[in-house]
Amino acid sequence: MVSRQHQEPAVKNESVPGSVEACIHQLRQNAVIAYPTEAVFGLGCNPDSESAVMALLALKQRPVEKGLILIAANYAQLQPYIDDLGLTDAQKEKMFASWPGPVTWVMPSRTSTPRWLTGRFDSLAVRVTDHPDVQRLCLGFGKPLVSTSANLTGLEPCRTAAEVHQQFGSDFPVFLGNTGGRLNPSEIRDVLTGELIRQG
């Protein structure tokens, strides 16, 4: 009897829509979820699942060639996907000084990193977040998430869970939390050149 009681909460939480446990369960099923980030809600999925990433790209009507952003709870989660051996100490210091936080860095990718993440590039855009909800998701899932703004083509990015449900339907899995309150999406920079790719 005791062991059954210990197992019940996990099962209950998995079935509570909007909970971190329910969203992690969806990610493990290779579903696409929406979750709050620093400025807007993001769409995320398992980066190692081609079917999950393709489903996300289809939702966004985004071509695979463009590549995607990975968002992580810590740098260690990103290391299976990126090749940082060629970075200078100064380049690393500049990157680490901005993390955790709303700056995305384009880094050389490993040759083993799937093309559904890198697109036509030999690089990958990555970020270590300071948003507590995203940290919980990534830590609970055990790996980074694909991160792209939650909006259908031609519509504004969603800033609330209600807006996600308006655009994607009432059954779409959403982590019920709040964005970090920033007005603009993350700044994107090239780690090798320092070039600003997108203003934050």
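Every chain begins its residue count from 1, and numbering advances along the sequence as written. A pLDDT threshold of at least 70 governs which residues receive local features in this predicted model, and a stricter bar of 80 or more applies before side-chain atom pairs are shown or counted, although totals over entire chains, interfaces and linings include all residues. The side-chain figures draw on all heavy atoms in the structure; neither hydrogens nor water molecules are used.

- Per an unreviewed UniProt entry, the protein goes by the name Threonylcarbamoyl-AMP synthase and belongs to Erwinia billingiae.
- Per UniProt, the protein carries the Sequence similarities (unreviewed entry) text "Belongs to the SUA5 family. TsaC subfamily." UniProt positions are given in the numbering used here, feature names are shortened, and annotations may be inferred rather than shown by experiment.

Quick notes on the nonpolar core
No. 1: Put simply, buried Ala, Val, Leu, Ile, Met, Phe, Trp, Tyr and Cys residues joined by side-chain atoms within 4.5 Å make one nonpolar core. Relative accessibility under 20% of the residue-type maximum defines a buried residue, over 50% an exposed one, and the middle range a partly exposed one, all with a 1.4 Å probe and only protein chains included. Formed by 36 residues in total, the largest nonpolar core has its most connected members in Leu-78 and Met-107.
No. 2: Of all elements in the fold, only strand 2 (41–44), helix 3 (50–60), strand 3 (69–72), helix 4 (75–78), strand 4 (103–108), helix 6 (115–118), strand 5 (123–128) and helix 8 (161–168) reach the threshold of two or more residues within this core.
No. 3: When residues in this core are grouped by element, the largest group, 4 residues, is from helix 3.
No. 4: Counting 14 residues, the second-largest nonpolar core is a separate cluster that includes Leu-27, Ile-33, Leu-145 and Phe-175. Runs of E in the DSSP output that reach at least two residues are strands. Runs of H or I that reach at least four are helices, and both are numbered from the N terminus.

Re the sheet that holds strand 4
Backbone-to-backbone hydrogen bonds pair the strands of a sheet. The strands run either parallel or antiparallel.
No. 1: When DSSP finds two or more bridges between two strands, those strands count as paired. Taken in spatial order, the 8 strands of this open sheet run 1-2-6-3-5-4-7-8, and their pairing is mixed. A strand with exactly one partner marks an edge of an open sheet, and here the two such strands are strand 1 (33–36) and strand 8 (196–198). When strand polarity is set aside, the average angle formed by the axes of neighbouring strands in this sheet is 40°.
No. 2: Across 4 bridges, the pairing between strand 4 and strand 5 is antiparallel. Across the sheet, residue Val-106 finds its bridge partner in strand 5, namely Ala-125.
No. 3: In this fold helix 3 packs onto strand 2 and strand 6 (145–149), with an angle of close to 0° to the strand it touches most, strand 6. Structural elements are reduced to axes, namely lines fitted to C-alpha atoms, with helices fitted over the stretch in contact, and the angle between N-to-C directions of any two is expressed from 0 to 180 degrees. Contacts: residue pairs with any heavy atoms within 4.5 Å of one another.

Structural notes on the confidence of the model for the protein
No. 1: pLDDT is a residue-level measure of predictor confidence that goes from 0 to 100. When the pLDDT values of the protein are averaged, the result is 92; 92% of them are 70 or greater.
No. 2: Across residues 1–11, confidence stays below pLDDT 50; counting only partners more than four residues off in sequence or on other chains, it has 0 contacts.

Some details on helix 3
No. 1: Taken as a whole, helix 3 has its buried residues at Ala-52, Val-53, Leu-56, Leu-57 and Lys-60. Summarising the axial view, the buried residues of helix 3 lie within an arc of 135°, below the 170-degree limit, and thus occupy one face. In helix 3, the exposed positions that point more than 90 degrees away from the buried face belong to Ser-51 and Ala-58.
No. 2: For helix 3, the elements touching its buried residues are strand 2, helix 6 and strand 6. Of all possible arcs, the one meant is that of the directions from the helix axis to the C-beta atoms.

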